[in-house]
Amino acid sequence: MFIQIEDLCFNYRNAKENIIQNFNLSIDQGEIISILGESGSGKSTILRLLCGLETPSCGTIRISNNIMTDDHHFVLPEKRGIGIVFQDYALFPHMTVSENIKFGLKGYDRKARKKRIEEVLDLVNMMNFMKRYPHELSGGQQQRIALARALAPKPTLLLLDEPFSNLDADLQIKIRRELKDIIKKTGTTSIFVTHDHEDSHAIADRIITMRDGAAYDWESICTLRREQEHLV
Ligand SMILES: Nc1ncnc2c1ncn2[C@@H]1O[C@H](COP(=O)(O)OP(=O)(O)OP(=O)(O)O)[C@@H](O)[C@H]1O
Ligand SMILES: [Mg+2]
């Protein structure tokens, strides 16, 4: 398994109960997983634990057989090779599109950096917007730049936290399809968090539902429901 999360537990310092309780999830390389759950169910917390912004109280996270965190290890966020697109895109407002993407390309020399910026802008179909500032872009365009910035350093894992929450319904449907094509083109293993069933079904290879801090496989929930309905 490429990503392995085992028995993960976590609570915020001022909270009484565990927000994440024995969370288990395994992901194949290149798979797009969607985590579906109500507001407050702990979806963003799982992403924060994966990228190392929070430390779990128990459990193990492995990426490509390397331990990111367990009782004895903690790999720093910048060493995990994870790309993130946050809920609000979080582009740097004082930097142009090209500078925003350049920011994540620290290990590249000047020529390689320029080439990579062009590659990812081409990927998201935004080549002509290199010199623009974020406020000069539409919501959908900002979303594509945030995706380009996250993909530029060739992350081993891409995390997307409700990337469509600021888009109107028409754009959401268009970008949904684009996003899946772009991610599949790069073959990047991805976790996509949402509370929208349609987003999940349109993008994901597999849907996981969050409930009481744990993960449930969507297919097995549907099977269980069908069985229960049958019994009634
Ligand atoms: N820094 C924090 N300190 C204490 N509690 C927090 C903190 N951040 C989040 N929480 C609580 O943890 C729970 C899970 O929050 P989380 O942000 O993971 O939910 P979510 O599923 O992403 O919700 P949404 O769909 O609204 O984004 C919530 O009950 C929230 O109030
Ligand atoms: Mg959230």
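Nothing here was measured: the structure is a model prediction, and the numbers come from that model. Position numbers for residues count from 1 along each chain, tracking the sequence in the order it is written. Whichever chain is written first becomes A and whichever ligand is written first becomes 1, with later ones labelled in order. Per-residue local features are limited, in this predicted model, to residues with pLDDT of at least 70; the limit for side-chain atom pairs, both in listing and counting, is 80 or more; totals at the level of whole chains, interfaces and linings are taken over all residues. With hydrogens and water stripped out, all remaining heavy atoms of the structure feed into the side-chain values.

A. Representation of the overall build of the protein in the model. Helix and strand assignments come from DSSP, with helices taken as H or I runs of at least 4 residues and strands as E runs of at least 2, each series counted from the N terminus. Of the regular secondary structure elements, the protein holds seven helices and 10 strands. On the principal axes, the C-alpha backbone points of the protein span a range of 60 × 45 × 35 Å. Each residue gets one of three labels from its accessible area relative to the maximum for its type: buried under 20%, exposed over 50%, partly exposed in between, using a 1.4 Å probe on protein chains only. For the protein, buried positions account for 47% of its 232 residues. Here, residues are in contact when the closest pair of their heavy atoms is within 4.5 Å. Pairs at least 24 apart in sequence give 68% of the contacts found in the protein among residues at least 6 apart. Methods summary: accessible areas were calculated by the Shrake-Rupley approach with a probe of 1.4 Å, and residue burial reflects only the protein chains presented. Here the protein has roughly 12600 Å² of accessible surface; of this, 48% comes from carbon and sulfur atoms. One finds the centroid of the 30 positive side-chain charges in the protein at a distance of 9 Å from the centroid of its 32 negative side-chain charges. In this tally Asp and Glu are treated as negative and Lys and Arg as positive; neither His nor the chain ends contributes. Every charge is mapped onto a representative atom, which is NZ of Lys, CZ of Arg, CG of Asp or CD of Glu.

B. Main features of the site of ligand 1. Taken together, Tyr12, Asn14, Ile19, Glu38, Ser39, Gly40, Ser41, Gly42, Lys43, Ser44, Thr45 and Glu162 form the complete shell of residues around ligand 1. Take Lys43: an N or O atom from its side chain is 2.7 Å from an oxygen atom of ligand 1. Take Glu162: an N or O atom from its side chain is 3.4 Å from an oxygen atom of ligand 1. Here ligand 1 loses 61% of its free accessible area of 640 Å² to cover by the protein chains. Residue classes in the shell around ligand 1 are distributed as two nonpolar, seven polar and three charged. Only heavy atoms are used to decide nearness, and a residue is near a molecule or strand if one of them lies within 4 Å of it. Counting of polar contacts relies on pairs of N or O atoms within 3.5 Å, with two restrictions inside protein: one atom must be capable of donating a hydrogen and the other of accepting it, and residues adjacent in sequence are counted only when both atoms are side-chain atoms. In this count, Pro and Cys sit with the nonpolar residues alongside Ala, Val, Leu, Ile, Met, Phe, Trp and Tyr, while Asp, Glu, Lys and Arg are called charged and the others, Gly among them, polar.

C. The domain arrangement of the protein, seen in detail. What the domain assignment lists for the protein is domain 1 (1–81 + 156–165 + 190–232) and domain 2 (84–154). Note that the domain bounds reflect an automated or database-derived domain assignment. Taking only C-alpha atoms, the centre of domain 1 and the centre of domain 2 are 26 Å apart. Facing the 11 residues of domain 1 at the interface are 10 residues of domain 2. Accessible area that two parts lose when put together, with a 1.4 Å probe and added across both, is what the buried area reports. Of the roughly 830 Å² buried between domain 1 and domain 2, counting both surfaces, carbon and sulfur atoms make up 59%. The largest share of the area that domain 1 buries against domain 2 comes from Leu158, Asp161 and Pro163, three residues that together contribute 46% of it. We count a salt bridge whenever a side-chain nitrogen from Lys or Arg sits within 4 Å of a carboxyl oxygen from Asp or Glu. At the junction of domain 1 and domain 2, the tally comes to zero salt bridges. Mapped onto the side of domain 1 that touches domain 2, the elements with two or more residues apiece are α1 (43–51) and β7 (157–161). The element best represented in the side of domain 1 that touches domain 2 is β7, accounting for four residues. Of the residues contributing to the side of domain 1 that touches domain 2, the split by class is six nonpolar, three polar and two charged.

D. Structural detail: the side chain of Asn100. Following the sequence through the fold, Asn100 ends up in helix α2 (residues 97–102). For Asn100, a relative accessible area of 1% translates into the label buried. Filtering out sequence-adjacent residues up to four positions away, Asn100 remains in contact with Leu91, Phe92, Met95, Pro134 and Arg149.

E. Focus on helix α5 (residues 169–186). The end-to-end C-alpha separation of α5 is 26 Å, in line with the 26 Å expected for 18 residues at 1.5 Å each. Inspection of α5 places Gln172, Ile175, Arg176, Leu179, Ile182 and Ile183 among the buried residues, and these make up the whole buried set. If you follow the buried residues of α5, they end up packed against β3 (32–36), α3 (110–123), α4 (139–151), β7, β8 (189–194) and α6 (197–203). Looking one or two places after α5, you find Gly187, whose phi comes out positive at around 70 degrees. Here the expected length of a helix is defined as 1.5 Å per residue gap, with one fewer gap than residues.

F. Inspection of the environment of Ser57 at higher detail. Among the secondary structure elements, Ser57 is positioned in the loop between α1 and β4 (58–63). When the C-alpha atoms of Ser57 and Ile183 are compared, they prove to be 32 Å apart, with 126 residues separating the residues in sequence. Other than its neighbours up to four places away in sequence, Ser57 contacts Cys9 and Phe10.

G. Spatial organisation of the nonpolar core. Nine residue types can take part in a nonpolar core, namely buried Ala, Val, Leu, Ile, Met, Phe, Trp, Tyr and Cys, and a core is a set of them joined through side-chain atoms within 4.5 Å. Core analysis: the biggest nonpolar cluster contains 31 residues, and Ile101, Leu147, Leu160 and Leu179 have the highest contact counts within it. Listed by contribution, the elements that provide at least two residues to this core are α2, α3, α4, β7 and α5. Three or more residues apiece are contributed to this core by two domains, here domain 1 (1–81 + 156–165 + 190–232) and domain 2 (84–154). Once you skip the residues sitting within four places of it in the chain, Leu147 turns out to touch Val85, Val124, Leu158, Leu160, Leu179 and Ile182. Ile5, Leu25, Leu47 and Val193 belong to the second largest nonpolar core, which has 26 residues in total.

H. Summary view of the environment of Lys185. Within the secondary structure, Lys185 is located in helix α5. Along the backbone, Lys185 and Gly107 are 78 residues apart, and their C-alpha atoms lie at a distance of 24 Å.

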